[in-house]
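Letter by letter, the chains look like this.
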Amino acid sequence: MRTCLSLPLIICTFMVHMGRTIYFQKKTSKHIGSLKVLSEDGGKVLQRSKRGWMWNQFFLLEEYTGTDTQYVGKLHTDQDKGEGNLKYILSGDGAGSVFVIDENTGDIHAAKRLDREERAQYVLRAKAINKKTGVQVEPESEFVIKIHDINDNEPKFTKEIYTASVPEMSEVGTSVIQVTAIDADDSSYGNSAKVVYSILQGQPYFSVDPDTGIIKTALTDMSRENREEYQVVIQAKDMGGQMGGLSGTTTVNITLTDVNDNPPRFPQSTYQFTAPESAAIGTAIGRIKANDIDLGKNAEIEYSITDGGGADLFDIVTDKDTQEGIITVKKQLDFENNMIITFEVAAANTHPDPRFYHLGPFKDTAMVKVYLQDVDEPPVFTRHFYVMEVDEDAKEGSIVGKVTAKDPDAAKNPVIYAVDRNSDMDRIFDIRTGNGSIFVSKSLDREASPWHNLTVIATEISNPKQSTSVSVFIRILDINDHAPEFAKYYETFVCENARAGQLIQTVSAIDKDEPPRGHRFFFEMVPEFTINPNFTVLDNKDNTAGIITRRNGYNRHRMSIYLLPIIIFDNDYPIQSSTGTLTIRVCGCDRQGNMQSCSAEALLLPAGLSTGALIAILLCIIILLVLVVLFAALKRQRKKEPLIISKDDVRDNVVTYNDEGGGEEDTQAFDIGTLRNPEAREDNKARRDIIPDTIFQIRRTAPLWENIDVQDFIHRRLKENDMDPTAPPYDSLATYAYEGNESIADSLSSLESVTADGTQDYDFLSDWGPRFKKLADMYSGDDSDRDV
């Protein structure tokens, strides 16, 4: 449709253009020749060479729709006499493909349909050649073919859909957004690319500038609460908006943003809540909410209590998530004083907009009524805490003070009192259960504990679960019950060369008591020793005293220590005093009074013997003693020389005892009683691996025990050998061979042979020689003895 409308215009334009081109070519061919021009300098004639080519710039319309090829123009040179001797050759942009030339006539045609938006001009080169000789009759020349635009492109917007926002209640003419449409046609040729904007949808709320495409508000007081979203359709039309122009459209979605143009409003004028009078501080009793149709921070609300008696008892805070007002308990409630509490609550925006103050106050108010519920409350003390005082010397049963608690309920139940024993473990105080009087039950000592912190509990008689505690602080008042004493232990000395009236020591005192006017101590000599020929006491009147000498010179050899008793008393009532004894040593001093020695034995030493000499003498004595001890030890070691002398012999030593015994008359044989008596003394036990000091030793006997554990005895002997410090550096084996009382073998003793049932012949003893003669005589006469 658009092509049909544009075809007549294209044909007219083409005919005019072709006429102008033919006319220009004819005029050019007629006036080709040489021109002569006089120059200004010297009148020399300048001669211009003759132009051989006859063409100019060519123009061609785009989008040609004819059946034949579109004629562009003709190339011609004055060398062409029409004889057909010349050939025209075309090269450059599109030569041979887009543009073709008749080589004989020089006519140029467009072989294709051209689009200016793809390419606006073509640069070509042409030359004329003699067909016979192939010689170029004219130099190669360049020319341009420009494509004339036609209105074949509609305007196109940079976005298919635009999104914009503008604050509600904006003034008329407030810019919202700018839209832009681009036309691909040539803006420098005709009105094909001149775009005009218009609004197709969105009136009367918005308008658009026809030249710039800026969308503006066109209606006053547009409220977001009434309508928030708008859809605006904008048209862009070329040809300056005239008939026959091409157009394009786009959609703009416009949103009204919120402003604080609406105050909060309570949905009801009165709110009612109930709360127990025992509600703890900070407890929430209810919520109220004022509605604000604005959004975000414009709908933020701050609540406050503005009027009524609830400002002292309640508080209100804003829930940031729900914008509700939370009413909380600010102070302890009391049903007996006020059963209904009424107050006014205000709700106001936190971010008001001054532009809309004319719409009215941006706050609202509502009345709140709180009905208190009576509950059984615990007793209440008349004070939050009690402070009492009592003298340190108060007698048992003395009243210290009194606490009072009452039942706050209307019933006024009676109350009993008790002391929490966790606060008075020693039971120094007690309380009258009926009236709350606190009294002393034990003696007090301020110096041990100047304060006592009690906890008193008040409980309703009718409901023991209802109880309250209170702190009672009892201060013990000081009385003068401690005598002053020396502040510390004084190490006092007097020089032997001291003079009468010399100060040798300054003493002070302390007192555990704390008199209200401060301490004041006095120092005196003991009355029995008032007249002291050696020392005296001088009270300095500042709680100190000086010890003064009363004679010249002291002798530590005659008297090395003096004892000086001093009486110290205070000025409080009753006056307390004590006697302190000061020990004064007599010392040797130099001329400046510096102590050198306080020992009386030092007087016996020669005067010319110094301290270094004394130390040297002591060291010599110690060295001599050490040498004597070492010599004695070496001599003792030589006496007890071990049986194994060789140092290289490190073999285990096994000591074997094979003693058969000598019978009843052998007193030197091994005493079996030693094995039988584990309590036998071993003080004089001799070691067999060391040469004994004496040959003969006194053998001490011990009573025999019949029922003895020989195994335990042997273990004890093994332990003694292991722990013996005088044992040699090699192993020693002590063997004890004893069968014990329970042996199944018969006795081997000759003394028990007479008890045998049968008779034996001992005549063979005579054959053993003279050494067994006595034994043979004893047993050979056995029968005669039995007969007797």
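Scroll up a little and you will see the structure.
Q: Would you mind going over the overall build of the protein with me for this structure?
A: Counting its regular elements, the protein contains six helices and 45 strands. Counting every position in the protein, which comprises 788 residues, the buried fraction comes to 32%. Counting only contacts in the protein whose residues sit at least 6 apart along the sequence, the fraction spanning at least 24 positions is 66%. Counting only carbon and sulfur atoms, one obtains 52% of the accessible surface of the protein, whose full area is about 50,700 Å².

Q: Looking at this model, I keep getting lost on empty space enclosed by the protein. Mind explaining?
A: Gaps between atoms show up when a probe of the same size as a water molecule is rolled over them. Taken as a whole and judged by the stated rule, the model has two cavities of 30 Å³ or more. Roughly 30 Å³ of volume is contained in the second largest cavity. What lines the second largest cavity is Asn 480, Asp 511, Asp 513, Pro 515, His 519, Arg 520, Asp 570, Asn 571 and Asp 572.

Q: What am I meant to see in the environment of Lys 363 here?
A: Along the chain, Lys 363 turns up in strand β25 (residues 363–373). Taking the C-alpha atoms as reference points, Lys 363 and Pro 352, separated by 11 residues in sequence, lie 9.9 Å from one another. Setting aside its immediate chain neighbours within four residues, Lys 363 contacts Pro 263, Pro 264, Arg 265, Ala 347 and Ala 348.

Q: How should the packing of aromatic side chains be read in this particular structure?
A: The geometry of two aromatic rings is summed up by the distance between their centres and the angle between their planes. All told, the structure shown has 14 aromatic pairs when counted by the stated rule. Look at Phe 157 and Tyr 197: their rings are 6.1 Å apart centre to centre, the planes differ by 50°, and that puts the pair in the tilted class. Within this pair, whereas Phe 157 is found in strand β10 (residues 156–157), its partner Tyr 197 is found in strand β14 (residues 196–201), the two being separated by 40 residues in sequence. Accessibility assignment for this pair places Phe 157 and Tyr 197 in one class, buried. Taken together through their ring pairs, the aromatic side chains of Tyr 205, Phe 206 and Tyr 230 make up a single cluster. Just above the ring of Phe 439 sits the side chain of Arg 432; from NZ or CZ to the centre is 4.0 Å.

Q: I'm lost on the nonpolar core in this one. Help?
A: For soluble globular proteins, the rule of thumb is that nonpolar side chains tend to be buried together. Residues Phe 266, Phe 314, Phe 343 and Val 345 are the most contacted members of the largest nonpolar core, which totals 26 residues. Those elements that provide at least two residues to this core are β19 (270–276), β20 (284–288), β21 (301–308), β22 (314–318), β23 (325–329), β24 (340–349) and β25. Each residue touching Phe 266, except ones within four places of it in the same chain, is listed here: Tyr 271, Ile 288, Lys 289, Ala 290, Tyr 303, Val 345, Ala 346, Ala 347, Asp 364, Thr 365 and Ala 366. Within the second largest apolar cluster, 24 residues are counted, among which are Tyr 386, Leu 444, Val 456 and Val 472.

Q: So what exactly am I meant to see when it comes to a negative patch on the surface here?
A: Together, Asp 391, Asp 393, Asp 445 and Asp 481 line one region of the surface with negative charge. Note on Asp 481: relative accessible area 33%, which makes it partly exposed.

Q: Could you clarify how one ought to interpret the sheet that holds strand β31 (residues 429–431) in this entry?
A: Hydrogen bonds between backbone atoms are what pair the strands of a sheet, whose relative direction is either parallel or antiparallel. Here we have three strands laid out as an open sheet, ordered β28-β32-β31, and antiparallel in their pairing. Both outer strands of the open sheet, β28 (399–402) and β31, are each paired with one neighbouring strand and no more. With direction set aside, neighbouring strand axes in the sheet form an average angle of 25°. As paired elements, β31 and strand β32 (residues 437–440) share three bridges and run antiparallel to each other. For Ile 431, the partnering residue across the bridge sits in β32 and is Ile 438.

Q: Quick question: what am I supposed to make of the pattern of salt bridges here?
A: It is possible for side chains bearing opposite charge to pair when their charged atoms get close. Enumeration over the complete set of coordinates arrives at 12 salt bridges. Of the charged contacts in the structure, one is a salt bridge between Arg 475 and Glu 389, with a shortest N-O distance of 3.8 Å. In this pair, Arg 475 is assigned in strand β34 (residues 467–477) and Glu 389 in strand β27 (residues 385–391), connecting sequence segments 86 residues apart. Residue classification places Glu 389 among the partly exposed positions, given a relative accessible area of 46%. Across the pair Arg 421 and Asp 424 runs a salt bridge whose closest N-O atoms are separated by 3.2 Å.

Q: I would appreciate a short explanation of the state of the cysteines in the present structure.
A: Note on terminology: disulfide describes a covalent bond linking the sulfur atoms of two cysteines. This structure, assessed with the given rule, holds two disulfides. Here Cys 495 pairs with Cys 589 through a disulfide, and the sulfurs are 2.1 Å apart. A torsion of -80° about the S-S bond marks the disulfide between Cys 495 and Cys 589 as left-handed. Here the residue Cys 495 occupies a position in strand β36 (residues 492–495), and Cys 589 occupies one in strand β42 (residues 577–589), the gap between them amounting to 94 residues. When its relative accessible area of 15% is taken as the criterion, Cys 589 is described as buried. The disulfide bridge from Cys 587 ends at Cys 598, spanning 1.6 Å between sulfur atoms. Where Cys 587 bonds to Cys 598 through sulfur, the torsion about that S-S bond is close to 100°, and the disulfide is right-handed. Of this pair, Cys 587 sits in strand β42 while Cys 598 sits in the loop between β43 (595–597) and α2 (611–639), and the two are 11 residues apart along the sequence.

Thresholds applied
Residues numbered from 1 in each chain as written. Predicted model: local features only at pLDDT ≥ 70, side-chain atom pairs only at ≥ 80, totals over all residues. Heavy atoms only, no water. Helix = DSSP H or I, 4+ residues; strand = E, 2+ residues; numbered from the N terminus. Buried < 20%, exposed > 50% of the residue type's maximum accessible area, 1.4 Å probe, protein only. Contact = heavy atoms within 4.5 Å. Areas by Shrake-Rupley, 256 points an atom, 1.4 Å probe, with all protein chains shown as cover. 1 Å grid on protein atoms, 1.4 Å probe; cavity = no way out; pocket = protein on both sides within 12 Å on 5 of 7 lines; lining within 4 Å. Points joined across faces, edges and corners; volume = space filled by probe spheres on them. Phe/Tyr/Trp six-rings, centres within 6.5 Å; stacked < 30°, edge-to-face > 60°. Lys NZ or Arg CZ within 6 Å of the ring centre and 35° of its normal. Core = buried A, V, L, I, M, F, W, Y, C linked by side-chain atoms within 4.5 Å. Patch = residues over 30% accessible without salt bridge, like charges linked within 9 Å, V, L, I, M, F, W, Y side chains within 5 Å. Salt bridge = Lys/Arg side-chain N within 4 Å of Asp/Glu carboxyl O. Lys, Arg positive; Asp, Glu negative; His and termini not counted. Charge placed at Lys NZ, Arg CZ, Asp CG, Glu CD. Pairing = 2+ DSSP bridges. Axes fitted to C-alpha atoms, helices over the stretch in contact; angles between N-to-C directions. Disulfide = S-S within 2.5 Å.

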